Amino acid sequence: MSDTSLTTNSTGAPMSAKPARRDIGIKRRYAAERRFRLYGVLAIAIGVFFLCSLLFTVFSNGYTAFWQTTVSIPVMLDEKTIDPGNKRAEDPNVLITANYPILVRNALAEHLKVPASDKPAMRELGKFYSDGVRVQLRQMVMDNPSLIGTTQNIKFLASADIDSAFKGQIDLSVAETNRKVSDRQVTWMNTLSEQSVMGQSFNTGLFLNGASSRPETSGLAVAFVGSLYMMLIVLCVALPVGVAASIYLEEFAKKNRFTDLVEVNINNLAAVPSIVFGLLGLAVFINLFGWPRSASLVGGLVLSLMTLPTIIIATRAALRAVPPSIRDAALGLGASKTQVVFHHVLPLAAPGILTGTIIGLAQALGETAPLLLIGMVAFVANVPVSPLDPATALPVQIFMWANEAERAFGERTSGAIIVLLAFLAIMNIAAIILRRRFERRW
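As annotated in an unreviewed UniProt entry, the protein is Phosphate transport system permease protein PstA from Paenochrobactrum glaciei. Comment text from UniProt for the protein, heading Sequence similarities (unreviewed entry), reads "Belongs to the binding-protein-dependent transport system permease family. CysTW subfamily."

**Student:** Looking at this structure, how should I read the overall build of the protein?
**Tutor:** When helices and strands are tallied, the protein shows 18 helices and 5 strands. On C-alpha atoms alone, the protein measures out to a radius of gyration of 33 Å, which is more than a quarter above the 22 Å that the 2.2 N^0.38 rule sets for 442 residues. Along the three orthogonal principal directions, the C-alpha set of the protein runs to about 120 × 70 × 35 Å. Every one of the 442 residues in the protein was classed for burial, and the buried ones make up 41%. Taking as baseline every contact in the protein between residues at least 6 positions apart, the subset at least 24 positions apart corresponds to 76%. When the accessible surface of the protein is summed, it comes to about 24400 Å², and 62% of that surface belongs to carbon and sulfur atoms. Looking at the protein, you have 40 positive and 31 negative side-chain charges, and the mean spots of the two groups are 13 Å apart.

**Student:** Which parts of the structure should I look at to understand the UniProt feature "transmembrane region" (unreviewed entry) in the protein?
**Tutor:** UniProt's entry tags residues 36–59, 228–249, 269–291, 297–319, 340–362 and 415–434 with the feature "transmembrane region" (unreviewed entry), counted in the numbering of this structure. What you have in residues 36–59 is 100% helix and 0% strand, and the ends, taken at the C-alpha atoms, are 34 Å apart. Note that residues 415–434 is 100% helix and 0% strand, and that its end C-alpha atoms are spaced 29 Å apart.

**Student:** Explanation requested: the confidence of the model for the protein in the structure shown.
**Tutor:** Regions with low pLDDT carry predicted coordinates that are not meant to be interpreted in detail. Of all residues in the protein, 95% have pLDDT values of 70 or greater, and the mean over the chain is 87. Predicted confidence is poor over residues 1–6, with pLDDT under 50, and the contacts of this stretch with residues over four places away or in other chains come to 4 contacts.

**Student:** For this particular structure, what's the right way to read the layout of surface pockets?
**Tutor:** One number sums up the size of the largest pocket: a volume of about 480 Å³. Taken together, 25 residues form the lining of the largest pocket, with L157, G205, N209, E216 and T217 sitting closest to its centre. Secondary structure elements with two or more residues in the lining of the largest pocket: β3 (67–76), α6 (133–143), β4 (151–157), β5 (198–202) and α9 (205–208). Looking at the second largest pocket, its volume works out to about 230 Å³. Around the second largest pocket, the lining comprises 15 residues; the ones closest to its centre are K127, S159, D161, K180 and Q185. With 3 residues, helix α7 (residues 160–166) is the single largest residue contributor to the lining of the second largest pocket. Split by residue class, the lining of the second largest pocket holds 4 nonpolar, 4 polar and 7 charged.

Definitions and limits used
- Residues numbered from 1 in each chain as written.
- Predicted model: local features only at pLDDT ≥ 70, side-chain atom pairs only at ≥ 80, totals over all residues.
- Heavy atoms only, no water.
- UniProt positions renumbered as here; feature names shortened; annotations may be inferred.
- Helix = DSSP H or I, 4+ residues; strand = E, 2+ residues; numbered from the N terminus.
- Rg over C-alpha atoms; globule rule 2.2 N^0.38 Å.
- Buried < 20%, exposed > 50% of the residue type's maximum accessible area, 1.4 Å probe, protein only.
- Contact = heavy atoms within 4.5 Å.
- Areas by Shrake-Rupley, 256 points an atom, 1.4 Å probe, with all protein chains shown as cover.
- Lys, Arg positive; Asp, Glu negative; His and termini not counted.
- Charge placed at Lys NZ, Arg CZ, Asp CG, Glu CD.
- pLDDT = per-residue confidence, 0-100.
- 1 Å grid on protein atoms, 1.4 Å probe; cavity = no way out; pocket = protein on both sides within 12 Å on 5 of 7 lines; lining within 4 Å.
- Points joined across faces, edges and corners; volume = space filled by probe spheres on them.
- Nonpolar A, V, L, I, M, F, W, Y, C, P; charged D, E, K, R; others polar.

Laid out in structure tokens, this is it:
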């Protein structure tokens, strides 16, 4: 009878089959390890692919928002149009209500040799430039009334449709009836471009202007200031409260059912949808306290409530990471519990606390849902002076621009997303740098 569990070696002596089976098991484990590594690389590749797709889509659609089409020609500040009858000394409102866009239209007609009798062409010229020239020329005249009656070289914005056509975002090969830019406007655009009168310049208005119904004059200034106020409020409210709560729970509170309940609720609050905090802010800060809607103060407090659990969890993890030997050594040298915490433990936990705080601020900066419920979707044209003034925020401004029907607002939306991503990247890089700068390895 043959024994299958035995085999012979090179000298003919019997040898067990167990080493062979063990070699097979080792090969299988190595193969499984290679497959696991392959799965990990594949998962990272998929994540990088979707991230690159997102960034490519946003940047390809939004980088043009940082450039704006402008026209620079001599404009006659005609006294008959601005101040007929020379009444500005008696009634200063004459300079405010003057029809300034006609001055630009007449200047374009003269430059392009369009006869004033051609009414359809004059109407198309009126759609060639942004209506923002009204504010631009009015401010220029009111600052220096002596300019009335003179010819000044004015650099003004093209309209949103002309800007899109000049950037190549409108297919000019389709029929004229299927696009917003006429063939005559395209001819004028090419003529001005060949004369180096029309070109693109950096769009400072994107950062300096407030909200506007015209895409070419819309900006993020109000959203910038509103977000800045809210982040300062979150930093001043959530950081000290969150750190104090973490120190008490981790270093001083006794471990009992009450503290266990508090810890469970903190972890649950970190997972609560942000819109719930918006409902809380609407009910408490606006309906109960009567604070103004759309104010940065209310938005900052709502975001503080939302950020508190993140800061508490990160701070407690940083406190736990400090070795117990630090506490024991300080206590052994006669330090009190408070001195141990504030003189030894807290400074060593500072890198983790800073990192958690910055990550919480970055999360708050990108929130939209709670701000919608407290009215921060209002149309605000003037930059807020204080946290009590109406304002909006960067993600809310993106949301509002995305809902606009005009094509040019889509470009503005992607441009604002790029700005927001840049701020988030800066904040997260700062968190990494601070952690590496102050981190100590045990």
